Amino acid sequence: MTRPFILSASIAEAAFAVPESAAPILRAAEAAGLDLLVMGRSGARPFDAQVLLAWAAPLTSRLGLVATVPASNAHPFHVARALSAIDFLSAGRTGWSVVSEGAPQGMGEDMVGAARALWDGWGSDTLILDKASGRYLDASKVSVSNYEGAFFKVVGPVNAMRPPLGHPLLVVDGDAPLAVADADIALFADGQAVPSASKRLLKVAPDADLAETVARFEAGEIDGLHFTLTEALSQLPLIGARFGALVSARSAESGDLRARLGLPIPSTASNQPGGAVIPENA
Amino acid sequence: MMDKQIHLWAFLQGIGFFPSGWMHERANPAGVFSMDYYARVAKLAEQGMFDAIVFGDQLQSRGAGGRTPERMAMPTLDPVSLLTAMAAVTKHVGLVATVSTTYNTPQMLAERFGTMERISGGRAGWNIVTTAHPDTAPNFGEDDLPPKDERYRHAKEVVAKACELWSAMDREGPLLPQGRPVLVQAGQSPDGRDFAARTAEAIFCPAANIEAGVDFRSDLRTRIAAVGRDPDGVRIMPGLSCVLGGTEEEARATHLAILDLADDALAIEYLSESLGCDLTAFDPAGAIPVDTILDRTILPKADIARAITPAQEKGTPLGTFAANFMRHPRGHNVFLGTPEQMADMMIAWRDAGACDGFTLQPSYMPGGLEDFVEQVVPLLQQRGRLRTEYPGSTLRETLGLPAREPVTA
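What you see is a predicted model, and the numbers here were worked out from it, not measured in a lab.

Concerning the packing of helix α1 (residues 35–47) of chain B against helix α13 (residues 367–382) of chain B
All names here are of chain B.
Turning to step 1, where the next piece is worked out: The contact between α1 and α13 brings their axes to 10 Å, and the two run at 25°. The angle between α1 and α13 places the two elements in the roughly parallel class. Crossing angle aside, the handedness with which α1 passes α13 is left-handed. Between α1 and α13, the contacting residues are Arg 40, Val 41, Leu 44 and Gln 47 on the first element and Leu 369, Glu 370 and Val 373 on the second.
Turning to step 2, where the next piece is worked out: Here the contact of α1 with α13 is composed, by residue class, of four nonpolar, one polar and two charged.

Right under this line is the structure:
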């Protein structure tokens, strides 16, 4: 597959939490060709991003929905369940970005480890759903996690299915980096240390230079761009006009974000190569 | 004077009320993993003029003794997520999520429900639970649940603190359309009933028959008045499952056919979960292994002994006991009959003061909800007992409560 150019943006406007504002912003984000919309960011979360992801799921079809999760005000058991549900509702378009502001050192990484362990407690092929035999699932594919970190101890199994993506995309931000070696996507600014991740998105303003962006992408220095939105409804059309051509070949895509962005689950992150499969005969 | 109106709530967790419901030909067990399914049932509930959709919840995987059941449907996806997604595709129906006060901080609860309240345009409700299953504690780094009285004491503090936080969110804006989510409760014990009387604006309960409904509602209304609240400001909504048919005989036959979808293995898995002890290795034709159950159960032993002793004394085999146990799930009213008979029954309960309405628990999903909405809802409307349009947009308006409640608990 051709290496995809990735367009991403974050939004932390309080007005995004009401439907009259949020619906047009979601439409504008899809129209601009965004691959990822990160809800909230480090230090700015005027809403519960996981809740807004669920609301956005049925109103979008190709946009990746990324929740900013504060390590100090969340629990991995709840986070693992919410993101699993949203990944089903969005047919595999979910991501998360754990931010550690105000949290003790290591808590963000612990959150990631615990949620991953819970998702890995369910095999990809656990469900059977066979009405004739009465077998709903294969219990041998479900196991306890017994995760023990410095902050979170979680036995499991979690009462949620492994998500369709296996693990939602893990997004790390150079502004609030996590010591996680196998993140999927890193956001970084020029001059900032780039967090370790499979894909690297450069933080720029909506009027960034197109030719320079293409050159840096072709040199393999970056995999795409990330915008920090402050006036989403006016900025998204500008972003679409300037950079939309870089993603237009993929504009008809929907669903499975890992397949679309060329991001298999890192083997270091999971005991299984893929996400949950729902039997079709059910 | 207008006839007493019947409120309807839809309890839609899982794939239906009966453990064997997921195997019914009109059940859709794969659907519960797709948005299409939730959009369809949310719109059905709105078509049926339901006040609200409710999802129950647990914070532990189903099963007993470390074994996950193979034959019980258990897609317990996070209720806040499911309901908020349903908000995006509906305009009126309320959305009530079950969330624990023991394993969430007030800050987490306030942000989650506050966001749900804003993005749904004022349709959020919180079914407050304290969490009773002992398997939950190890998922949150603890060995044991706090004792029940402590859980309720803590719940009171958590609700009060969450209300303060909603008040602050409301002042900062954007407004929370209802001021805070509607508070809902389902406690059965004296502690639970007192908590509900002080806190709740709607209450679920099991009531197997009209007398049980009258007793429960009278007791709650007395308790509500005793703490200085108006009993008419609280909706009491007993559970109601049903199997409909063109004739009563047909409904009874369909009910038996649903129950017959369950084999001994499913019945024993269901019993194992209910008793908190894995019995799947025992012979269904053998005696009930009472000593093993009482030795291994993780649930209160006295309650479990009360449930099994009568059957043990009669010499009932394990498989038969499990099958009987599964046929009478959780003490709810299971109606079998025609749509006309069902409408009559519902009106009789309402007029007798046994309820303010019902929490419908369809036998299988989505077929059971479709039947009710298509066959019973129009009868209730023709008889002037169910609205034909929503009175406003928020859940409080739908419930007939003051639009914005003072933010105290």
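Having seen the structure, we can now continue with the description.
With respect to the sheet that holds strand β4 (residues 94–99) of chain A
Turning to step 1, where the next piece is worked out: Strand order around the closed barrel formed by eight strands is β1-β2-β3-β4-β9-β10-β11-β12 (chain A), with parallel pairing between neighbours. On average, each strand axis in the sheet is tilted by 25° relative to the strand beside it, whichever way the strands run.

Looking at the packing of aromatic side chains
Residue and element names in this part refer to chain B.
Turning to step 1, where the next piece is worked out: As enumerated under the stated definition, the model contains 19 aromatic pairs over all chains in all.
Turning to step 2, where the next piece is worked out: Geometrically, the ring pair formed by Trp 9 and Phe 204 is edge-to-face, given 5.7 Å between the ring centres and 85° between the ring planes. In this pair, Trp 9 sits in strand β1 (residues 7–11) while Phe 204 sits in strand β6 (residues 202–205), placing the two residues 195 residues apart along the sequence.
Turning to step 3, where the next piece is worked out: Residue Trp 9 is classed as buried on the basis of its relative accessible area, which comes to 0%.

With respect to helix α2 (residues 79–87) of chain B
Turning to step 1, where the next piece is worked out: Most of α2 of chain B sits inside the fold, with nine of its nine residues counted as buried.
Turning to step 2, where the next piece is worked out: Every buried residue of α2 of chain B is listed here: Pro 79, Val 80, Ser 81, Leu 82, Leu 83, Thr 84, Ala 85, Met 86 and Ala 87 of chain B.
Turning to step 3, where the next piece is worked out: Residues of α2 of chain B that are buried in the fold lie against α2 (49–56) and α3 (76–89) of chain A together with α1, β2 (52–55), β3 (94–100) and α3 (106–119) of chain B.

Cut-off values and rules
- Residues numbered from 1 in each chain as written.
- Chains lettered and ligands numbered in written order.
- Predicted model: local features only at pLDDT ≥ 70, side-chain atom pairs only at ≥ 80, totals over all residues.
- Heavy atoms only, no water.
- Axes fitted to C-alpha atoms, helices over the stretch in contact; angles between N-to-C directions.
- Helix = DSSP H or I, 4+ residues; strand = E, 2+ residues; numbered from the N terminus.
- Parallel < 35°, antiparallel > 145°, perpendicular 65-115°, else oblique.
- Left-handed = near helix turned anticlockwise from the far one by under 90°.
- Contact = heavy atoms within 4.5 Å.
- Nonpolar A, V, L, I, M, F, W, Y, C, P; charged D, E, K, R; others polar.
- Pairing = 2+ DSSP bridges.
- Phe/Tyr/Trp six-rings, centres within 6.5 Å; stacked < 30°, edge-to-face > 60°.
- Buried < 20%, exposed > 50% of the residue type's maximum accessible area, 1.4 Å probe, protein only.

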